[in-house]
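# Structure at a glance
What follows is the residue order along each chain.
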Amino acid sequence: MTKKQLIIETSSVIISIIFIIAAFTLQHFYQDAWFVILLFGLSFAIGGYAKAKEGVLATIKNKSLNVEILMILAALAAFFVGSYEEGAILILIFSISGVLESYATSKSEKELTSLLKLAPKTAILYEDGREKEVQIQDLKISDQVIVKVGQQVPVDGKIIKGSTSLDQSPITGEYVPVGKHNGDDVFAGSINIEQTIIVETTKSPKDSVVQKIVDFVKEAQENKTESQTLINKIEKYYVYFVIIFAVGFMFLPPLFGWLDSQESFRRGVVVLVVGSPCALVASITPAMLASLSNAAKKRILIKGGQALETLIGIKAVVFDKTGTITSGVPKVVDIKALESEDISQIKMIVCAIEKQSNHPLAKAVVEHLKDCEDIKGLETKEISGKGMQAVYKNDTWKIGKFDAKSSEHCDRALKSAMNKGYSIINIIKNDEIVGYIALTDSIRDNVKEVTKALKDQNITPVLLTGDHEATAKIISAEAGIDHFEANCMPEDKVNRIKELQKDLGKVLMIGDGINDAPALATADVGVAMGAGTDVSLETSDIVFMNNQIENLPQTLLLAKRMRTITIQNIVFSISVIMLLMISNVFGLIDLPLGVVAHEGSTILVILNSLRLLFK
């Protein structure tokens, strides 16, 4: 549904309303005059054109009648018996309900499409010694691109010139930047931290994350829920039932002397009007589209209503650690020095050296040591993929991953820190390790609130991680998760999810790395963090594009709200149809009231669904 189509439909309804108002006004002075009938007819034709066209095309495509055709037949029958105003109003209200449904569709598409603005659209092509900015989709395998400091790598490829460090957290979820050298593979979406490099494209841009998300949007817009598909099947047979029942009502009662021909035909027309399943058909689709739109507005990409329905009844949520429970932002845990060294002096020197680097780990160190005394005029040198180097008072200091001698005491301390899951930066003085900096990935804000919200919904949170037991225990305690398993390989996560499905029921898995893809596919619902790999994004049913874990309880509640509103709509629409049909059998309702009650119920159902656009 494009904006232009929505404008055309809305304009048609407005013009139809103008003609109806004009017809009713003139009818007071010129009862049943030809121009009054003409105005009602124009209102009918203009207001009903879009729905009539939709119904005819769907009938041809599916080779079966539908609710649109049924409403057109009802309006034509009303015109045939001289109820021009009722026929025009019937089509008008039906068209208004169609515009409301189109609005829900348009809103959903707009919010989903906004999620496509996620990555750079251009790259710097390096060809014949010249730089040229091109569209990423125009690149082909073997093209060379220049990636400058601070830019995202636009393609999957390999470095053919230069060395640097890349922030691969958007790809792997690992927060520690990786040194990359000539011949190393790089992934699209990685951020260049240190030096300009030239990358040769090894994978078609058509397989990029952006293209996959385009496919996701199409999938989300086209996928139907199980309930929606069931009602579509019911509609196909129900339409024939209403037509047969209406025709029978028109011609059978006079044969048995129950009603005269005119009254019998009139009631048959009422059957066509009130028996149409308009409200029932509109019970699910607008609610689903409004929910998808609401989620997309919050940067949550849900790949169709099926995923939303499956969320109802989730019994366990399995979390990955890095990039999911944790933020992917390094944080200094401690700075240690050998007993023979002055820790205060070491901290001062480390802070002064790391201030000269833009590396994320260096920034974390500087943030930790921000209160240290500054050293003026210190000359430093950054060695790509290794770290920082400087000379202070005739001593050569290195901070990073350099080769250096180490004492037995220092080796034990380093091993102990690494066993706790810490990342280590060595502090080296004259090619000998004199201390180290321990860093860890900080837990995300609101994680504990998220796990509490899950427990309040009787959902069991579980942490599955490839990290050490000690790290998993600390992280799970901070996150408020009672059940965890460490040292999990990808196949271990899959097996554990199968066990949870057997023991508890439906399982949701949330992760972000390549190693999470099998588990995401195994779970009843797979959720990928937006900074995840293209494999995890493709495998998942839902993507948190804003990378915020607090989306999880919100999404679960949205699914429950959609189910509640859908049930309200179905019960209400069926009740109205039954009440009107029974009233018509006993002659308790006339055509004008039947039109208003039936079509009014459809509008109420759609308006009820549109509440899901908000909150």
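Residues numbered from 1 in each chain as written. Predicted model: local features only at pLDDT ≥ 70, side-chain atom pairs only at ≥ 80, totals over all residues. Heavy atoms only, no water.

## Notes on the sheet that holds strand S4 (residues 157-161)
Strand order in this open sheet of six strands is S2-S1-S3-S9-S4-S7, and the pairing throughout is antiparallel. Two strands close off the open sheet at either side, each with one partner strand: strand S2 (130-135) and strand S7 (185-186). Of the pairings in the sheet, the one linking strand S1 (residues 122-127) to S2 comprises six bridges and is antiparallel in character. Looking at S2, one finds that Tyr 126 is bridged to Glu 131. (Pairing = 2+ DSSP bridges. Helix = DSSP H or I, 4+ residues; strand = E, 2+ residues; numbered from the N terminus.)

## Focus on the confidence of the model for the protein
Averaged over every residue, the pLDDT of the protein is 80; residues scoring 70 or more account for 87%. Taken element by element, the predicted model of the protein shows its lowest mean pLDDT in helix H5 (residues 169-172) (50) and its highest in strand S11 (residues 314-319) (94). (pLDDT = per-residue confidence, 0-100.)

## Quick word on the sheet that holds strand S8 (residues 191-192)
The three strands lie next to each other as S6-S5-S8, forming an open sheet whose pairing is antiparallel. Single-partner strands in this sheet number two, and they are strand S6 (178-180) and S8. As judged from the two bridges shared by strand S5 (residues 164-167) and S8, these two strands associate in the antiparallel manner. Bridging from a neighbouring strand, Leu 166 pairs with Asn 192 of S8.

## Quick notes on the packing of aromatic side chains
Per the counting criterion, the structure on display carries five aromatic pairs. Ring geometry for Trp 34 against Phe 35: centres 5.6 Å apart, planes inclined by 80°, an arrangement best described as edge-to-face. Ring centres of Phe 251 and Phe 265 lie 6.5 Å apart, and the angle between their planes is 75°; on these two criteria the pair is classed as edge-to-face. Pair noted here: Phe 251 is in helix H7 (residues 226-255) and Phe 265 is in helix H8 (residues 261-274), with a separation of 14 residues, a long-range link. The class of Phe 265 is buried, set by a relative accessible area of 18%. Connected via pairs of aromatic rings, a cluster forms that spans Phe 241, Phe 245, Phe 249 and Trp 258. Taking the ring centre of Trp 258 as reference, the NZ or CZ of Arg 267 above it sits at 5.9 Å. (Phe/Tyr/Trp six-rings, centres within 6.5 Å; stacked < 30°, edge-to-face > 60°. Buried < 20%, exposed > 50% of the residue type's maximum accessible area, 1.4 Å probe, protein only. Lys NZ or Arg CZ within 6 Å of the ring centre and 35° of its normal.)

## Considerations on the pattern of salt bridges
This model, assessed by the stated rule, comprises 15 salt bridges. Among the salt bridges present, the one from Glu 131 reaches Lys 148, with a minimum N-O distance of 3.6 Å. Placement of Glu 131 in strand S2 and of Lys 148 in the loop between strand S3 (144-147) and S4 is noted, with a sequence separation of 17 residues between them. Owing to a relative accessible area of 34%, Lys 148 belongs among the partly exposed residues under this scheme. Between Lys 336 and Asp 334 there is a salt bridge, with its nearest N and O atoms 3.4 Å apart. (Salt bridge = Lys/Arg side-chain N within 4 Å of Asp/Glu carboxyl O.)

## A look at the nonpolar core
Among the nonpolar cores identified, the biggest contains 48 residues, and Leu 311, Val 317, Phe 319, Ile 325, Leu 508, Ile 510 and Ile 542 are the most heavily contacted of them. Once residues lying within four places of it in the same chain are set aside, the contact partners of Phe 319 are Thr 324, Ile 325, Thr 451, Leu 454, Pro 461, Val 462, Leu 463, Leu 464, Ile 481, Ile 510, Ile 549 and Leu 552. Ala 78, Ala 88, Val 99 and Val 274 belong to the second-largest nonpolar core, a separate cluster that totals 47 residues. (Core = buried A, V, L, I, M, F, W, Y, C linked by side-chain atoms within 4.5 Å. Contact = heavy atoms within 4.5 Å.)

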